[in-house]
Amino acid sequence: MNWLRTAAWTVFALDLVILAQMTYAVASGSGGGPTGQALLRGFTLMLASGLAGIVIVLIVSSWKRSVVGLCVALICAALPLLWVGAGMLGAFE
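Residues numbered from 1 in each chain as written. Predicted model: local features only at pLDDT ≥ 70, side-chain atom pairs only at ≥ 80, totals over all residues. Heavy atoms only, no water.

**Regarding the confidence of the model for the protein**
Applicable threshold: Known as pLDDT, the predictor's per-residue confidence is scaled from 0 to 100. Going along the chain from the N terminus, every DSSP run of H or I of four or more residues is numbered as a helix, and every run of E of two or more is numbered as a strand.
Predicted confidence across the protein gives a mean pLDDT of 89, with 96% of residues reaching 70 or more. At the level of individual helices and strands, the protein shows its lowest average pLDDT in helix 3 (residues 67–91), which scores 88, and its highest in helix 1 (residues 2–28), which scores 92.

What follows is the structure, encoded as structure tokens:
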């Protein structure tokens with residue numbers, strides 16, 4: 001149970017790093033033209049709202065010591081990391 005809780009919170013923390021990088025990109029105005037900036041703002045808002053839901057599930061699951069809730073939070077939190085990882089691997093092709 002402790003390793004699952006640690007893994008879920010660690011993956012969530014890595015998602016916060018992705019969110020911080022995207023927020024910096026939005027604030028600095030990078031992302032190409034107006035269409036690229038609008039897409040970047042949209043993806044950042046979508047990630048932030050998803051992470052808000054994940055943190056609620058993490059807090060409740062940690063408090064209630066729910067293995068199922070922690071597994072759901074871990075899987076949901078891993079999706080943005082897989083998205084970024086796939087994007088990084090696609091850049092090298």
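That was the structure; now back to the text.
**A few points about unusual backbone geometry**
Basically, it comes down to this: In this scheme, a residue with accessible area under 20% of its type's maximum is buried, one over 50% is exposed, and one in between is partly exposed, where area comes from a 1.4 Å probe on protein chains only.
Of note in the backbone geometry, Arg65 takes a positive phi value of approximately 55 degrees without being a glycine. Looking at Arg65, the relative accessible area reads 56%, which means it is exposed.

**With respect to the environment of Val72**
Along the chain, the position of Val72 falls in helix 3. Judged by relative accessible area, Val72 falls into the partly exposed class, the value being 41%. Residues Val72 and Val26 lie 46 residues apart in sequence; the distance between their C-alpha atoms is 29 Å.

**Considerations on the side chain of Arg5**
Note the following rule: Positive charges come from Lys and Arg, negative ones from Asp and Glu, while His and the chain ends are left out of the count. The rule for a salt bridge is simple: a side-chain nitrogen of Lys or Arg has to be within 4 Å of a carboxyl oxygen of Asp or Glu. Within 3.5 Å is the distance limit for a polar contact, defined as a pair of N or O atoms, with the added protein rule that one can donate a hydrogen and the other accept it, and that residues adjacent in sequence qualify only through two side-chain atoms. Between two residues, a contact is recorded if the distance between any of their heavy atoms is within 4.5 Å.
You can see Arg5 is positioned in helix 1. Here Arg5 sits buried without a salt bridge, and the closest side chain of opposite charge, Asp15, lies 17 Å off (N-O distance). Separated by 3.3 Å, the side chains of Arg5 and Asn2 make a polar contact. In this structure Arg5 touches Ser62, Arg65 and Leu70, once residues within four positions along its chain are discounted.

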